Amino acid sequence: MASTETQPKTAGAEGAEATTAPATTVPTAVETGAERAETGAERAEAAAGNDLAGLEAGLDALDTRTTDRTPLPVLLRRKALPPLVAVVLVLGLWQAAFALHLKPDYQLPSPLMVWDALAEEWYKGTILGVIWQSVSRGALGFAVALLVGTPLGLLVARVRPVRAAIGPILSGLQSLPSVAWVPAAIIWFGLTDATIYAVVLLGAVPSIANGLVAGVDRIDPLHLRAGKVLGATGLRGIRHVLLPAALPGYISGLKQGWAFSWRSLMAAELIATSPELGVGLGRLLETGRSYQDMPLVLGAILLILLVGIGIELLIFAPVERRVLRHRGLLR
Amino acid sequence: MTVTTPIPAATRIAGVSKTFGKQHVLDDITLDVADGEFVTLLGASGCGKSTLLNLVAGLDTPTSGTVEVPGGRPALMFQEHALFPWLTAGKNIELALKLRGMPKADRPAEAERLLELVRLKGAYRKRVHELSGGMRQRVALARALAQDSKLLLMDEPFAALDAITRDVLHEELTRIWSETNVAVLFVTHNVREAVRLAQRVVLLSSRPGRIAREWEVGIPHPRRIEDADVAGLSVEITEQLRGEIRRHGQH
Ligand SMILES: Nc1ncnc2c1ncn2[C@@H]1O[C@H](COP(=O)(O)OP(=O)(O)OP(=O)(O)O)[C@@H](O)[C@H]1O
Ligand SMILES: [Mg+2]
């Protein structure tokens with residue numbers, strides 16, 4: 001058998017160390033010839049033990065994948081440059097359309113005019129408050145949706161009658177635009193914060209629950225069996241096997257849940273306007289419309305987009321990457 | 001050829017049958033594995049070996065007959081490592097320790113000891129995907145040993161490994177078995193592997209699975225898979241196995 005030729009003859013201690021630093025065993029394999037004569041002289045039994053340890057260390061070293069992370073500059077060039085180019089391109093086209101006077105100025109302002117409108121809001125000192133109003137509402141709504149959607153998803157995923165009963169409704173709800181709930185919520189709760197949160201929850205809960213259901217459905221049955229064998233049953237099974245195994249699907253559900261929260265929130269703020277509700281980004285947009293102030297309208301749209309994307313990029317994307325990288329699912 | 005095993009048994013399988021729908025997979029299996037004994041279960045593909053192990057592991061219940069495991073929940077090692085990819089190698093072992101009820105403070109040291117036992121000192125922080133196939137199976141073995149059960153069930157645990165790695169793991173398994181006095185019920189369809197490892201080889205026939213014959217393996221350790229003694233007995237067993245398979249071609 002080939003095994004006698006391929007074994008790098010490392011002494012026991014070295015062999016054990018080689019496991020921790022795989023790269024070091026490669027040079028030792030070169031010394032094979034010199035060391036082989038020595039081992040022959042030693043007692044056969046001890047040599048056999050050392051041989052096995054050394055052989056094993058060698059196999060481990062040959063077979064170990066070194067997963068090095070892509071350096072930041074390369075990552076930036078690969079990931080950040082293309083969207084940047086795209087943005088510049090869009091701005092260029094926009095400016096060109098403005099310069100060609102395709103539409104009157106009050107309908108199609110230039111990028112600079114939109115910038116000025118936003119800058120004016122900035123100097124009024126209100127803009128951060130407006131953004132915070134919406135973001136804090138979105139975050140609170142999302143947190144509540146998380147608390148409701150997670151147990152709901154778990155129930156639907158694991159309890160067959162529950163799944164048969166509300167599984168289809170839940171996925172159906174996901175395709176219902178949550179704006180549709182706004183009139184109903186206004187009738188129920190009037191022009192209050194409750195209306196806004198109701199709409200946000202109705203938008204986000206189905207996404208989060210469905211994400212968890214999809215995550216649970218994609219669990220390798222082998223992991224569930226392994227968990228059972230180890231004694232992870234009942235709540236311990238959920239805590240130690242089911243939830244961590246479903247995490248990738250769950251996180252994409254959360255991501256989508258956030259997108260739905262944000263969308264629903266904007267719809268609600270846009271329609272349900274009242275002085276008691278304060279000024280959020282949706283309200284800013286509505287104000288712009290009522291004054292026929294196109295630069296402000298476009299500016300508000302831009303802010304809504306930026307906040308939505310920003311939170312996804314700053315919070316959800318890193319968490320998702322981390323989870324996937326730990327499982328070796330990234331590249 | 002059959003021996004009556006002494007009373008302290010790691011598992012007692014008595015008159016076990018299993019049917020899936022109309023398919024009769026196992027028929028009247030009676031098999032005892034004594035404490036500290038190493039038994040390999042040999043049989044053609046689809047004869048019900050995994051089904052039998054699942055019954056012993058308590059993952060499924062027999063249609064008739066009884067399975068007793070006096071020493072508590074047995075450990076089970078699968079053909080795929082079945083390690084949890086969201087945990088490091090060390091944490092996988094620690095989870096088994098935790099579920100067995102070991103206090104938190106004792107777990108890291110015990111996990112290190114088990115990793116050392118499978119010669120993976122220093123792999124504690126490695127993620128599962130960073131380990132080679134052989135290393136994963138060794139971590140899986142360490143995790144199974146962490147359950148500290150008296151019976152270790154192994155379902156073709158080395159079938160997906162290359163020949164050299166498998167050879168090394170045979171040696172390690174023999175060493176660990178002799179160091180830990182755990183009883184092993186090892187499933188394989190590789191005759192030489194069965195003879196190389198076991199004190200007793202049990203041959204299952206197919207459709208339905210019945211115990212066709214048993215062999216005591218008297219060859220002293222250390223054994224190697226290419227030893228003449230191992231090869232000799234393997235030829236005999238292979239003949240019998242082929243006979244069992246041929247019977248199915250005749251009708
Ligand atoms: N859950 C199940 N439902 C229905 N049939 C099953 C189930 N599990 C196993 N079987 C059937 O039982 C028979 C025995 O399967 P088993 O997996 O135990 O065989 P095996 O001896 O382990 O085969 P292999 O060597 O391929 O692993 C097969 O024909 C299989 O199709
Ligand atoms: Mg099988």
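Here the residue index of a chain counts from 1 through its sequence in written order. Just so you know, chain letters begin at A and ligand numbers begin at 1, following the order they were written in. Two thresholds apply to this predicted model, a pLDDT of at least 70 for residue-level local features and 80 or more for giving and counting side-chain atom pairs, whereas whole-chain, interface and lining totals are computed over all residues. Remark: hydrogens and water are excluded; side-chain values derive from all non-hydrogen atoms of the structure.

Under an unreviewed UniProt entry, the name given to chain A is ABC transporter permease, and the organism recorded is Streptomyces spirodelae. Comment text from UniProt for chain A, heading Sequence similarities (unreviewed entry), reads "Belongs to the binding-protein-dependent transport system permease family." The annotation that UniProt attaches to chain A under Subcellular location (unreviewed entry) is "Cell membrane". UniProt positions are given in the numbering used here, feature names are shortened, and annotations may be inferred rather than shown by experiment.

Asks: Any chance you could explain the site of ligand 1 here in plain terms?
Replies: Residues and elements named next belong to chain B. For each residue, the test is whether any non-hydrogen atom lies within 4 Å of the molecule or strand; if one does, the residue is near. Around ligand 1 sit Phe-20, Gln-23, Val-25, Ser-45, Gly-46, Cys-47, Gly-48, Lys-49, Ser-50, Thr-51, Glu-156 and His-189, and that is every residue in its neighbourhood. For this analysis, a polar contact is any N or O atom pair within 3.5 Å, provided that within protein one partner can donate a hydrogen and the other can accept it, and provided that sequence-adjacent residues contribute only side-chain to side-chain pairs. Gln-23 is positioned such that a nitrogen or oxygen atom in its side chain is 2.9 Å from an oxygen atom of ligand 1. In this structure, an oxygen atom belonging to ligand 1 sits 2.5 Å away from a side-chain N or O atom of Thr-51. For the area figures, the Shrake-Rupley method with a 1.4 Å probe applies, and any residue is considered shielded solely by the protein chains shown. The protein chains hide 59% of the 640 Å² of surface that ligand 1 would expose on its own. Under the scheme used here, helices are H or I runs from DSSP no shorter than 4 residues and strands are E runs no shorter than 2 residues, and both carry numbers assigned from the N terminus. Going through the elements one at a time, strand 2 (23–34) and helix 1 (49–57) are the ones with two or more residues in the shell around ligand 1. No other element matches the three residues that helix 1 contributes to the shell around ligand 1. Side-chain classes are defined by residue name, with Ala, Val, Leu, Ile, Met, Phe, Trp, Tyr, Cys and Pro counting as nonpolar, Asp, Glu, Lys and Arg as charged, and the others, Gly among them, as polar. Considering only residue class, the shell around ligand 1 consists of three nonpolar, seven polar and two charged.

Asks: When you look at the interface of chain B and chain A in this model, what are you seeing that I'm missing?
Replies: Interface size, as often reported, equals the accessible area lost upon joining of the parts. Counting from both sides, the interface comprises 44 residues of chain B and, opposite them, 36 residues of chain A. Put simply, buried area is how much 1.4 Å-probe accessible surface two parts lose in total, over both of them, once they are put together. Between chain B and chain A, a total of about 3,600 Å² is buried, with carbon and sulfur atoms accounting for 64% of that surface. In the sections that follow, a salt bridge refers to a side-chain nitrogen of Lys or Arg positioned within 4 Å of a carboxyl oxygen of Asp or Glu. Applying the counting rule to chain B against chain A returns zero salt bridges. Joining chain B to chain A, the criterion identifies seven residue pairs in polar contact (both at pLDDT 80 or more). Every element with two or more residues in the side of chain B that touches chain A is listed here: strand 5 (75–77), helix 2 (89–100), helix 4 (133–146) and helix 5 (163–180) of chain B. Among the elements that line the side of chain B that touches chain A, the one with the most residues is helix 5 of chain B, at eight residues. Only heavy atoms enter the contact rule, under which two residues are in contact if any of them lie within 4.5 Å.

Asks: Would you mind showing me how to read the confidence of the model for chain A here?
Replies: As a note on interpretation, predicted positions should not be read in detail where pLDDT is low. Scored from 0 to 100, pLDDT reflects the predictor's confidence in each residue. On average, residues of chain A score 81 in pLDDT, and 83% of them are at 70 or above. Note that residues 1–42 of chain A has pLDDT below 50 and, in this model, 43 contacts with residues that lie over four places away or in other chains.

Asks: Explain the sheet that holds strand 2 of chain B here, please?
Replies: Consider a sheet: its strands pair through backbone hydrogen bonds, and that pairing is either parallel or antiparallel. Residue and element names in this part refer to chain B. Strand order in the open sheet formed by three strands is 2-1-4, with antiparallel pairing between adjacent strands. With one partner strand each, in any of the chains shown, strand 2 and strand 4 (64–68) form the two edges of the open sheet. Shown here is a sheet whose adjacent strand axes are inclined to one another by a mean of 15 degrees, direction ignored. Note: two strands are recorded as paired if DSSP finds a minimum of 2 bridges between them. Inspection of the sheet shows strand 1 (residues 9–20) paired to strand 2 by eight bridges, in the antiparallel sense. Across the sheet, residue Ile-13 finds its bridge partner in strand 2, namely Leu-31. Axis definition: a line fitted to C-alpha atoms, limited for helices to the stretch in contact. Angles are taken between N-to-C directions and run from 0 to 180 degrees. Sitting on the sheet, helix 1 is in contact with strand 1, strand 2 and strand 4, with an inclination near 125 degrees to strand 1.

Asks: Teacher, can you tell me more about the sheet that holds strand 3 (residues 38–42) of chain B here?
Replies: Residue and element names in this part refer to chain B. Read across the open sheet, the six strands follow the order 5-6-7-3-8-9; overall the sheet is mixed. In this open sheet, the two strands that pair with only one neighbour each are strand 5 and strand 9 (211–216). Shown here is a sheet whose adjacent strand axes are inclined to one another by a mean of 15 degrees, direction ignored. In terms of strand pairing, strand 6 (residues 151–155) meets strand 7 (residues 183–188) through five bridges, oriented parallel. Bridging across to strand 7, Leu-152 finds its partner in Val-184.

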